[in-house]
Amino acid sequence: MNQPTVFVVDDDREFRDSLLALLAALGYHARGYDTAAAFLCDFNPQLPGCLLLDVRMPGQNGIDLYGDIVRKGQRLPVIFITAHADVTTAVAAMKTGAIEFLEKPFERTRLSELVERALRLDSEWRKHDERFRELDESINRLSTADRETLSLIFDGVTNKAMAARLFISERAVELRRQRLMRRLAVRSVAELLELAITHRVLFEVRTVRESIA
Amino acid sequence: MSEGVFRMIASPQSATDEIATLLANERVFLPAMDRIVNRYETDARTQVARLRGTALACTTVVLALMTGLYWLILRPAAALIRTQVDRLAAHEMELLRSQELLEQRVDERTRQLFESSRALAATAAQRAAAEDRTLQLQGQLAHASRLTSLGELATGIAHEINQPLGAISNYAETLLVLNERDPLDRSALTATTMRIRDAAQRAGQIIRRMRNFVKARPQTKSFELVNSLIEDVIALCEPDLRQHEVSATTQLENTAGLTLEVDALGLQQVLVNLIRNAVDAMSEIPAPQRRLLVSTVVAGSSVEMRVQDSGRGFQNVARNSVLQFMTTKPNGLGLGLVISRAIVEAQGGQLEISSSPQGGARVTVSLPHSSTVEPREPADGLCCR
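Keep in mind the model is a prediction, meaning the values are calculated, not measured. (Residues numbered from 1 in each chain as written. Chains lettered and ligands numbered in written order. Predicted model: local features only at pLDDT ≥ 70, side-chain atom pairs only at ≥ 80, totals over all residues. Heavy atoms only, no water.)

Student: Honestly, the overall build of chain B in this entry has me stumped. Any pointers?
Tutor: In terms of helices and strands, chain B carries 8 helices and 7 strands. Counting every position in chain B, which comprises 385 residues, the buried fraction comes to 29%. Of the roughly 24700 Å² that chain B leaves accessible, carbon and sulfur atoms contribute 58%. (Helix = DSSP H or I, 4+ residues; strand = E, 2+ residues; numbered from the N terminus. Buried < 20%, exposed > 50% of the residue type's maximum accessible area, 1.4 Å probe, protein only. Areas by Shrake-Rupley, 256 points an atom, 1.4 Å probe, with all protein chains shown as cover.)

See the structure below:
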């Protein structure tokens, strides 16, 4: 697994270098870019990490850059660096879903606290995405019959009712359930339901995110 | 009878004889005497009566005459005279009244004149005071404008200073982290410390530039030093230029031996104003086309300093109206060019606006130079003063 990278985007060379030096001293792997465009060129969504952005930069400023990333359907936790946090900037940033604001000059403990949080969030997001992909695959591999069963279980239909609806015996229904659970690698109905719900939720989140983009 | 009396009288005898004679003769004479006397009396009476009559007649005539005189002459004459006298009196009255009126009017007029002369004196005093005040206000306005420019630049400058400060902070934190390591990485510590020093120097330069901008020091400067003054100003404006993605170039002719009598501060202020105008003018064209050119050139007996942009220029605007209180900027006060021109003219120079061949705005500041050879060092010291 790749070591997460802290991506630093700031047009002031002296400040950017100092930030890279500090991050290195704190033990993080960091890379610097002087413009938003330069970063977007290099940006690979597969690489884990987080973003340290200066809000005010000529050309595309930090907030617009983050909006762009979100619109592309990508996600990277962002920490905005600002000389002074004024309300308009803050609101604009929060609207795009930024994580945090860092007002300079800042202390190393604050920096590492925020970077840790951001990297943790990034790995959680990746895990969620991974889980979703696995689930999606498993569910897509289900046969029509299994899907039917899942859907009915989801609706809270009893075995008896299910048997009646599907014109099969209760024992057949029971077998179906077992097969389903085996296929999805769950050990109980509770787990099964949890899985299905998670898939549903992740699916909806992804749909919503794509509709915003 | 008479002879006898006469003889008697003529021949005097003794008195007593005479008297006896007389008395003897008296009886004879007496009736005659009586008769004479009576005659005389009658005559006298008649005469008297006649006289009386005459007198009466005369008196009557005289009286009549007099009455006639009175009625026909004296009275009308008197009346006439009275009328005349009355008229004269009336005229005299009128004259007196007119004289009074005249005196009144003269008095009034005198008073009016006095008051208007006083008012004139007051107005003159007011005007002098107003001129003083105008001069004072102009000075204040120039100062305020300087501060406004400064205020407007302050945001950019504050941002600029925050950068080295932020860097210093980061390096300091880095030092703290490095310091906790065991064993200490000496080269990393040294390198980081040097970076702190560099950042501090940079911050000092920013401060120095800003302080020079605020201080007022009119002095003689050599041409080279004017050029470096221009470069200073451009560096001062750098954050603003960068923020608006304007690329700035300078073409500074460097003729040694020329000196100019300049108010360095004022000139800097003018330059800042012109540069900011240029940046504003180019805000509506795409970023890659934003070009600012600042040049100096010797032209005869003056030095010309030119600020040119690649914006839309002074298109539908009469040249001189731009130099009044006019602005096309939404938040501008329109004072920049007016004050800039005032500052330049106060140094004996001129400010002209024109268009570049590509249509952009061009402002030329020309200042007279003297060809003395001594370039003097400016009094500003190094950083961090």
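Student: Hey, could you run me through unusual backbone geometry in this one?
Tutor: Peptide bonds are mostly trans, and most non-glycine residues show a negative phi. The omega angle of the peptide bond from K104(A) to P105(A) is 5°, so this bond is cis rather than trans. Mapped onto the secondary structure, P105(A) falls in the loop between β5 (100–103) and α5 (108–141). The linkage connecting D182(B) with the following residue, P183(B), adopts the cis geometry, with an omega of 5°. Examined against the element boundaries, P183(B) turns out to sit in the loop between α2 (15–180) and α3 (186–214). Positive phi outside glycine occurs at F167(A), with the angle close to 60°.

Student: I'm lost on a negative patch on the surface in this one. Help?
Tutor: Taken together, the side chains of E100(B), E103(B), D107(B) and E108(B) make up a negatively charged region of the molecular surface. Among the secondary structure elements, E103(B) is positioned in helix α2. (Patch = residues over 30% accessible without salt bridge, like charges linked within 9 Å, V, L, I, M, F, W, Y side chains within 5 Å. Salt bridge = Lys/Arg side-chain N within 4 Å of Asp/Glu carboxyl O. Lys, Arg positive; Asp, Glu negative; His and termini not counted. Charge placed at Lys NZ, Arg CZ, Asp CG, Glu CD.)

Student: How should a nonpolar patch on the surface be read in this particular structure?
Tutor: On the surface, V61(B), L65(B), L69(B), Y70(B), W71(B), L72(B), I73(B) and L74(B) cluster together into a nonpolar patch covering about 830 Å² of accessible area. Mapped onto the fold, L69(B) is located in helix α2.

Student: What's the story with the side chain of T174(B) in this structure? I'm lost.
Tutor: Structurally, the position occupied by T174(B) is in helix α2. Those residues in contact with T174(B) that sit more than four places away from it in its chain are S18(A), A21(A), L22(A), A25(A) and T192(B). (Contact = heavy atoms within 4.5 Å.)

Student: Can you help me understand the packing of helix α6 (residues 144–154) of chain A against helix α8 (residues 170–183) of chain A in this one?
Tutor: Pairs of packed helices are described in terms of their axes, by the angle between the two and the distance that separates them. Residue and element names in this part refer to chain A. Where α6 meets α8, the axes come as close as 10 Å, and the angle between the chain directions of the two elements is 100°. Classified by the angle their axes make, α6 and α8 are roughly perpendicular. Along the contact surface, α6 presents A145, D146, E148, T149, L150 and I153, while α8 presents R176, R177, R179, L180 and R183. When the residues that make up the contact of α6 with α8 are grouped by side-chain class, the tally is 4 nonpolar, 1 polar and 6 charged. (Axes fitted to C-alpha atoms, helices over the stretch in contact; angles between N-to-C directions. Parallel < 35°, antiparallel > 145°, perpendicular 65-115°, else oblique. Nonpolar A, V, L, I, M, F, W, Y, C, P; charged D, E, K, R; others polar.)

Student: Sorry, what's going on with the nonpolar core here?
Tutor: Note on soluble globular proteins: their nonpolar side chains tend to be buried together. By size, the foremost hydrophobic cluster in this structure holds 40 residues, and its most contacted members are L241(B), I275(B), L292(B) and V365(B). Broken down by element, the residue count for this core peaks at 9 residues, all from helix α6 (residues 264–281) of chain B. If sequence neighbours within four positions are ignored, L241(B) has contacts with I234(B), V246(B), A248(B), I275(B), V279(B) and L292(B). Membership of the second largest hydrophobic core comes to 26 residues, among which are L52(A), A167(B), A188(B) and L189(B). (Core = buried A, V, L, I, M, F, W, Y, C linked by side-chain atoms within 4.5 Å.)

Student: Please explain the interface of chain B and chain A as it appears in this structure.
Tutor: How big an interface is tends to be stated in terms of the accessible area lost upon association of its parts. Residue-level contacts link 23 residues of chain B with 23 residues of chain A. Summed over both sides, the interface between chain B and chain A buries roughly 2000 Å², with carbon and sulfur atoms accounting for 49% of that surface. Considering only the side of chain B, the residues that lose the most area to chain A are Q163(B), N170(B) and E173(B), jointly responsible for 27% of the buried surface there. Counting across the interface, chain B meets chain A through 5 salt bridges. Across the pair D11(A) and R242(B) runs a salt bridge whose closest N-O atoms are separated by 3.2 Å. At the surface where chain B touches chain A, the tally comes to 10 residue pairs in polar contact (both at pLDDT 80 or more). (Buried area = accessible area lost by both parts, 1.4 Å probe. Polar contact = N/O pair within 3.5 Å; in protein donor to acceptor, adjacent residues only side chain to side chain.)

Student: What am I meant to see in the confidence of the model for chain A here?
Tutor: In regions of low pLDDT, the predicted coordinates are not meant to be interpreted in detail. In this model, chain A carries an average pLDDT of 81, and 84% of its residues clear a pLDDT of 70 or more. The secondary structure element of chain A with the lowest average pLDDT is helix α4 (residues 87–95) of chain A, at 67, and the one with the highest is strand β2 (residues 29–33) of chain A, at 95. (pLDDT = per-residue confidence, 0-100.)

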